[in-house]
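# Structural overview for review
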Amino acid sequence: MSDRQTVGDILAQRGVSRRAILKYAAWLASAMALPPSASKAIAQSLAAARRQSVVWLSFQECTGCTESLTRSFSPSLEEMIFNLISLDYHETLMAVSGHAAEEARLKAMEENKGKYVVVVDGSVPLKDDGVYSANAGKTNLQTLQETAKDALAIISVGTCAAYGGIPGARPNPTGAVSVGEIIKDKPVINIPGCPPIAEAIAGTVAYLVTFGKVPDLDHLGRPKAFFGDTIHDRCYRRPFYDKGLFAKSFDDEGARNGWCLYEVGCKGPVTYNACATLKWNGGVSFPIQSGHGCIGCSEPHFWDKGSFYQPLSTAMPGMGAGIAAGAAAGVALGAGAAWLARRRQVAYSQQTSKKEGA
Amino acid sequence: MDLLDFARGPALYFALAVFALGTLWRLLGILLLPWGLIRSPAREGSPSPFSSALKGIVVKLWPHKEFMAGGFFTFINGYIFHLGLAIVVFLFVPHILFIKNLFGISWPGLPSNVIYAVGVITAVSLIAAIANRMTSPVLRLISRVDDYISWVMTFLPVLTGLLAVSHLGARYETLIALHILSVAAFFVWFPFGKLMHAFLFVFSRAMTGVRFGHRGAQL
Ligand code: SF4
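These notes cover the structure that comes with them. Only a predicted model underlies this, so the values are computations on that prediction, with no experimental measurement involved. (Residues numbered from 1 in each chain as written. Chains lettered and ligands numbered in written order. Predicted model: local features only at pLDDT ≥ 70, side-chain atom pairs only at ≥ 80, totals over all residues. Heavy atoms only, no water.)

### Overview of unusual backbone geometry
Residue and element names in this part refer to chain A. Of note, the bond from R170 into P171 is cis; its omega dihedral lies within 30 degrees of zero at 5°. With respect to the helices and strands, P171 occurs in the loop between α8 (158–163) and β8 (176–177). Geometrically, the link from C194 to P195 is a cis peptide bond, its omega value of 5° lying close to zero. You can see P195 is positioned in the loop between β9 (188–191) and α9 (198–211). We note that K279 has phi near 60°; this positive angle belongs to a residue other than glycine. Relative to the helices and strands, K279 resides in the loop between α14 (275–278) and α15 (320–357). (Helix = DSSP H or I, 4+ residues; strand = E, 2+ residues; numbered from the N terminus.)

Here it is in structure tokens:
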């Protein structure tokens, strides 16, 4: 570890009480859906753990994910996370720049070989040899491969790193891919969201530090503790969905009554995230609570799934021409078939009247 | 592209294009044939072809007393799943939104749990229908592959819809994708098999009415 002190030592130095650690451990236990009895063990192992060396790489991204973490409205959480980890490299947050910054990265990698965690936000461009995003003279691909080589695990923070996100949206001009598409020999934990929930980032890092292992993941590489349920499963507007009461526009009677937003395009039923339970801004609200449907930002390719305002049960846009062509062909075939039948009928009746005449 | 995108996109486009093509082909192929081809004079005092047609449609909604005893179950069960299907297909809000997106028209729906209950009844009724078809010697004799395929194409959307709503068996997005794919299969099969009766029953019953009326026969 770059820092020989334990988390407990550091917290004590900074005047963080034992009670605060216990409280944090209890929060972590509940957030990660662990039994309440686990919180004491967590507090103990947290205190004894070495600070986790973290190298944070920013690729094709908007810095929203870093903002989500650092501007979270729960400073105790933010403090706690920065007490748990030794953030050895983060372009946005570190004071040094240029060669000194690169040296810090290499040093952290060297000193913590096999033990450091790489956090990535942003997707990796592969097109044209990855020229679309580079820093310190290296393409994102090179930096990622070099940094991930001796890492314990990779955490892809945000939908761009997890699934390609907005840079990867059609027509994907930079050939952007997710971290998981490049790194195949290390555990990759995805914490998608645009941005992801700060508590999900913090909780996952804390779990790694405490237990030294990757939490349970779903088939898309997301920690089940935060991405186990859909927004719809936990949505407080669900009773209105079940009763068939829907807002039809954003300022109608239904919207004012807080009815379900399915008809105005809510993607909650197919979106796995913890927004409806952990919420945002320190648990104040989340998009559906503020009157906007879920846009499904923690799902792969959410940007390419049609309009945010189109109901989930409708077909994706762009099929009008195909159906019209099918209908036109049907009309032509039907008319043709009827015309042939009529001709046969006429020929038949001419034949029979000739026979009758003869 | 994941399964749900494929279902909501290419699969549905293809299915609806085939549905439009096949349905219009068959409907126009029949409706553009010459009308009023019965050459013989109508029996004296027989009703007008129009009222005979109407009578043909209405009277056939209910079987004759003589057929009631033997065919009661088939008849009632037929009504149950047809009405059930109509309620589930046309009064479930997500379905109404699908139709609104296609044709721009919509109407109020029913609460989801009512639809769910009707869906369960419909599924049970459909199972009873196929059990009856497979166990009754007469029905078995007159059943063709078309009958069985049409049943499967009708049953699958009901089954997958119920599974999706109750989140049973797989993740919701997989179930809803399978539901849409099963509906796509239904649309593709619709014009070419017996499902087409949804449109054609009106015309065939009307023609029966006209023929009977023309001859002065009692419907
Ligand atoms: S608002 Fe969205 S997530 Fe909430 S019940 Fe309605 S559809 Fe489900």
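Here the narrative resumes.
### Description of the pairing of strand β2 (residues 85–90) of chain A
Residues and elements named next belong to chain A. A large share of β2 lies buried, amounting to 5 of its 6 residues. The pairing of strand β1 (residues 52–58) with β2 spans 5 bridges and is parallel. Among the inter-strand pairings, Q52 is bridged to a residue of β2, identified as I85. (Buried < 20%, exposed > 50% of the residue type's maximum accessible area, 1.4 Å probe, protein only. Pairing = 2+ DSSP bridges.)

### A word on the packing of helix α2 (residues 18–31) of chain A against α9(A)
All names here are of chain A. At a minimum axis distance of 10 Å, the contact between α2 and α9 shows a crossing angle of 105°. Taken together, the axes of α2 and α9 are roughly perpendicular relative to one another. In contact with Y24, W27 and L28 of α2, α9 contributes E199, A202, G203, A206, Y207 and T210. A breakdown of the residues in the contact of α2 with α9 according to their chemical character gives 6 nonpolar, 2 polar and 1 charged. (Axes fitted to C-alpha atoms, helices over the stretch in contact; angles between N-to-C directions. Parallel < 35°, antiparallel > 145°, perpendicular 65-115°, else oblique. Contact = heavy atoms within 4.5 Å. Nonpolar A, V, L, I, M, F, W, Y, C, P; charged D, E, K, R; others polar.)

### Some thoughts on the interface of chain A and chain B
Taken together, the 40 residues of chain A in the interface contact 34 residues of chain B. Summed over both sides, the interface of chain A with chain B buries roughly 3,400 Å², with 62% coming from carbon and sulfur. Three residues, Y272(A), M316(A) and M319(A), lead the burial of chain A against chain B; their summed loss comes to 14% of the area buried on that side. Inspection of the chain A/chain B interface yields 3 salt bridges. (Buried area = accessible area lost by both parts, 1.4 Å probe. Salt bridge = Lys/Arg side-chain N within 4 Å of Asp/Glu carboxyl O.)

### Some words on the environment of R205(B)
All names here are of chain B. Tracing the backbone shows R205 in helix α9 (residues 197–214). Once the C-alpha coordinates of R205 and L85 are considered, the two residues, 120 residues apart in sequence, prove to be 21 Å apart. Ignoring any residue separated from it by four or fewer positions in sequence, one finds R205 in contact with G56, I57, K60 and L61.

### Thoughts on the site of the ligand
As a structural note, the neighbourhood of the ligand is formed by H232(A), C235(A), R237(A), R238(A), Y241(A), C260(A), L261(A), Y262(A), C266(A), G268(A), P269(A) and I288(A). A per-class count over the shell around the ligand returns 8 nonpolar, 2 polar and 2 charged. (Near = heavy atom within 4 Å.)

### Observations regarding the environment of E263(A)
You can see E263(A) is positioned in the loop between α13 (253–256) and α14. With relative accessibility at 11%, the residue E263(A) sits in the buried group. Along the primary structure E263(A) and S45(A) are separated by 218 residues, whereas in three dimensions their C-alpha atoms are 48 Å apart. Those residues within four positions of E263(A) in sequence are excluded, and the remaining contacts are F246(A), A247(A), K248(A), Y309(A), P311(A), V93(B) and L97(B).

None of this, on its own, says anything about what the molecule does.
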